[in-house]
Each structure stands twice: as C-alpha cells, then as structure tokens.
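The primary structure of each chain is shown beneath.
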Amino acid sequence: SWTMATFRADAIKRIQAQVGRGRVICGLSGGVDSSVAAALIHEAIGEQLTCVLVDHGFMRQGEADEVVAVFRDRFNIHLVHREASDLFLSRLEGVTDPEAKRKIIGATFIDVFEEEARRVGGADFLAQGTLYPDVIESVSFAGGPSVTIKSHHNVGGLPERMNMALVEPLRDLFKDEVRALGRELGLPETMVGRHPFPGPGLAIRIPGQPLTRPLLDLLRKVDAIYLDEIRTAGLYDAIWQAFAVLLPVRTVGVMGDSRSYDYAVALRAVTSTDGMTADYYPFDHAFLSRVANRLINEVKGINRVTYDITSKPPGTIEWE
Ligand code: XMP
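Per an unreviewed UniProt entry, the chain goes by GMP synthase [glutamine-hydrolyzing] and derives from Pararhodospirillum oryzae. In its Function (unreviewed entry) section, the UniProt entry covering the chain states "Catalyzes the synthesis of GMP from XMP." Checking UniProt for the chain, the heading Pathway (unreviewed entry) contains the comment "Purine metabolism; GMP biosynthesis; GMP from XMP (L-Gln route): step 1/1."

Set out below in structure tokens:
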C-alpha cells in the first residue's frame, strides 16, 4: 500500500536522478510547503542544497528567527537569511491595489532572491514547494474562459528569469499529505502543523491603505495575541487558518472617560481541507470577547474588533 514512507523514498530517488551533482537553491519562507520541500531535498542531496530566506518584513512575529533556528542550527542546512524590509516597503510606497501589491512583492522577491543566488555562486536548479492546489487555483465559469482570482507569488516568474530547471517534489500533493511527509522527515510539530501563510504575508492583510512599518507592527501584535488565544484555548489544530486584517477605517470609541479614534480589525478563522473551499470557524462568544478585550487593552491604536463570517466561496480566505 502507498504510504508517506514510500513517497519519501521514491521522491529522494527522483530528486537525486534529476539533480545529479548539480547545485540546488531553495527559497524558504517558514511555511509548511517550502520547509518540507527543503528538508526532503536536503535529505536527498545534502550539501548541494542552499536555502535562502528572503525576509520581506511581512512575516509573523518571531517567524524568521524560528526558521533560522530549525534549518541552520538544528538541521544544519546552509541557509542565507536576507533582511530586505526597507527595499520592499520603498517599492510599495503608496500602493493599495491588491494585484499591484502582489506583483511588486513577487518581482522584488525575485530581485532579492537572484542577488543572493549570485552571491552564493549560482545554482543549476531552483527548488519550490509548489503544491497541487497552487497549480490549479483558477476558476472556470460555465462555458467561459478560465479566470485567475489572485496572482500567487510562489508560482511563475522566478524560473523564467533565472533560466533554471525546477525541482518541485510536492507538486502532486495536497496540504494534509505534505504535513504527513514533514512529520515523516522529522520536522518539528510547530512547523509541520503550522497554518498556511501566504507568500506576500501581512502585506495582503492591510487592505485599502499604503503599507507602513507602524501599521505592519500593529498588525503583527494583533496577529500574535489572536493566535496566542487560539493556542491557549486548544483550538489551533481544529482551524485551517486564522489571522487578523487591519481595516482601513478608524472609528470612535470610549476608553475610560475619554474619546478614542482608532483602527478597527477583522478577525478571520476558517476550516478547510485544501484551501479551495472554506467555512468560517464557529468560535463561542466567550472566546471572541476574550480576544477582543485583550486586543483593545494591549494594542495601542485598536478600539474595535469584528469577526468575519464569510465562507469560501463567495469570499476568498484572504481579503486581498
Ligand atoms: P484565497 O485567499 O485565495 O487563499 O482563498 C487560498 C489559500 O492560499 C493562500 N494564499 C497564498 N499563498 N502565495 C501563497 O503562497 C500567495 O500569494 C497566496 N495568496 C493566498 C491563502 O492564505 C490560503 O491558504
């Protein structure tokens, strides 16, 4: 019978046959997909693999450090960590359109990645943690043409520009299979069980206003508190993905005996099996109140919290 152990052994042989004595470079984001791809490829070809973490400044709190701790310090994988938040923010100055944002982030990612690839002496192959749903995330309307809903910055672009052959060992797998493979490879549970996180990160969770460092820091705090409460309540594994969206609106509130005029956030949590469809998670009201109280008390600049009850379809999981 087909098991993950068999898949692992076969995948390693396929990677070795494809790569030979060549050098492979792999973009690492901290997400499950690229982490599992990197661990698998490292097992197949060891020192021939170099990983690059392009830190665009849109990652979650503490996430870049964790990637370095796991891959460089524990798995002993050659990892370049490039902090590039200034460059990303300067290129995104004044931009609010979702597709424009995605395109700029994708293009900047390619520039930085290419620069780091050159710095380590180049490579023959580019590894990507592309999954089956990434390949087919487009919708056909009855009788009409196929329409792309969002440009995913992890598919396309890079291979053409760098003129490199692709190593995509997860291309036939769904998310739950990738997680099983990650466990099989001995990746830590915190990484393997982690919710999906989009390539453009927090940048696509601040709709309707230009990105700035203070807004990103504010959202990072909100996100960390929300996820902390989800973990404390023992709900993390029951949820596919949970995150906060910083709304482009400030509203009036009352704090103590004074008036406040601060931002509103929307919380989102969904269940799903593959990200293609999703239902909102039915938190109980006590939980939502606890999160709202913590956010308003602990994050300066927030005075209102809402919960998004839209499923996919008609909504998408992310707001942009
Ligand atoms: P949507 O918002 O389209 O998201 O319902 C479906 C899943 O894809 C993730 N997502 C992305 N992942 N690069 C990624 O790697 C992207 O540009 C991107 N955009 C959305 C989203 O978080 C959800 O898990």
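> Would you mind going over the overall build of the chain in detail, with residue names and values included?
When its secondary structure is counted, the chain shows 11 helices and 11 strands. On the principal axes, the C-alpha backbone points of the chain span a range of 70 × 50 × 45 Å. When each of the 320 residues of the chain is scored for burial, the buried share is 35%. Counting contacts in the chain only where the partners sit at least 6 residues apart, residues at least 24 apart contribute 74% of the total.

> Help me get a handle on the sheet that holds strand β3 (residues 78-83), residues and values and all.
Strand order in this open sheet of 5 strands is β3-β2-β1-β4-β7, and the pairing throughout is parallel. Of all the strands in the sheet, the pair left with one neighbour each is β3 and β7 (165-167). Averaged over all adjacent pairs, the angle separating strand axes in this sheet is 25°, with direction ignored. As judged from the 3 bridges shared by strand β4 (residues 125-127) and β7, these two strands associate in the parallel manner.

> I'd like a description of helix α3 (residues 63-74), backed by residues and values.
Here α3 spans 16 Å end to end across 12 residues, near enough to the 16 Å set by a 1.5 Å rise per residue. For α3, the full list of buried residues reads Val 67, Val 70 and Phe 71. Looking straight down α3, one finds that the buried residues subtend no more than 75° of arc, so they occupy a single side. The outward face of α3, more than 90 degrees from its buried face, is lined by the exposed residues Asp 65, Asp 73 and Arg 74. Its buried side turned inward, α3 meets α2 (32-45), β2 (49-55), β3 and α9 (189-192). Just downstream of α3 lies Asn 76, where phi reads positive at about 60°.

> Tell me about the packing of helix α1 (residues 4-19) against α2, and please be specific about residues and values.
As a packed pair, α1 and α2 sit with axes 9 Å apart at the nearest point and diverge in direction by 65°. Between α1 and α2, the angle is such that the two are roughly perpendicular. Seen from above, α1 lies across α2 with right-handed handedness. Counting all contacts with α1, which are made through Ala 11, Ile 12, Ile 15, Gln 16 and Val 19, the residues of α2 involved are Leu 40, Ile 41, Glu 43, Ala 44 and Ile 45. For the contact of α1 with α2, the residue count by class is 8 nonpolar, 1 polar and 1 charged.

> Go over the domain arrangement of the chain, please, and point to the residues and values.
Under the domain assignment, the chain is made up of domain 1 (4-192) and domain 2 (206-307). One C-alpha centre belongs to domain 1, the other to domain 2; they are set 28 Å apart. Looking at the side of domain 1 that touches domain 2 residue by residue, the class counts come to 6 nonpolar, 4 polar and 4 charged.

Cut-offs and rules
Residues numbered from 1 in each chain as written. Predicted model: local features only at pLDDT ≥ 70, side-chain atom pairs only at ≥ 80, totals over all residues. UniProt positions renumbered as here; feature names shortened; annotations may be inferred. Helix = DSSP H or I, 4+ residues; strand = E, 2+ residues; numbered from the N terminus. Buried ≥ 20, exposed ≤ 12 C-beta atoms within 10 Å, placed from the backbone. Contact = placed C-beta atoms within 7 Å. Pairing = 2+ DSSP bridges. Axes fitted to C-alpha atoms, helices over the stretch in contact; angles between N-to-C directions. Expected span 1.5 Å × (residues − 1). Arc of directions from axis to C-beta. Parallel < 35°, antiparallel > 145°, perpendicular 65-115°, else oblique. Left-handed = near helix turned anticlockwise from the far one by under 90°. Nonpolar A, V, L, I, M, F, W, Y, C, P; charged D, E, K, R; others polar. Domains from an automatic or database assignment.

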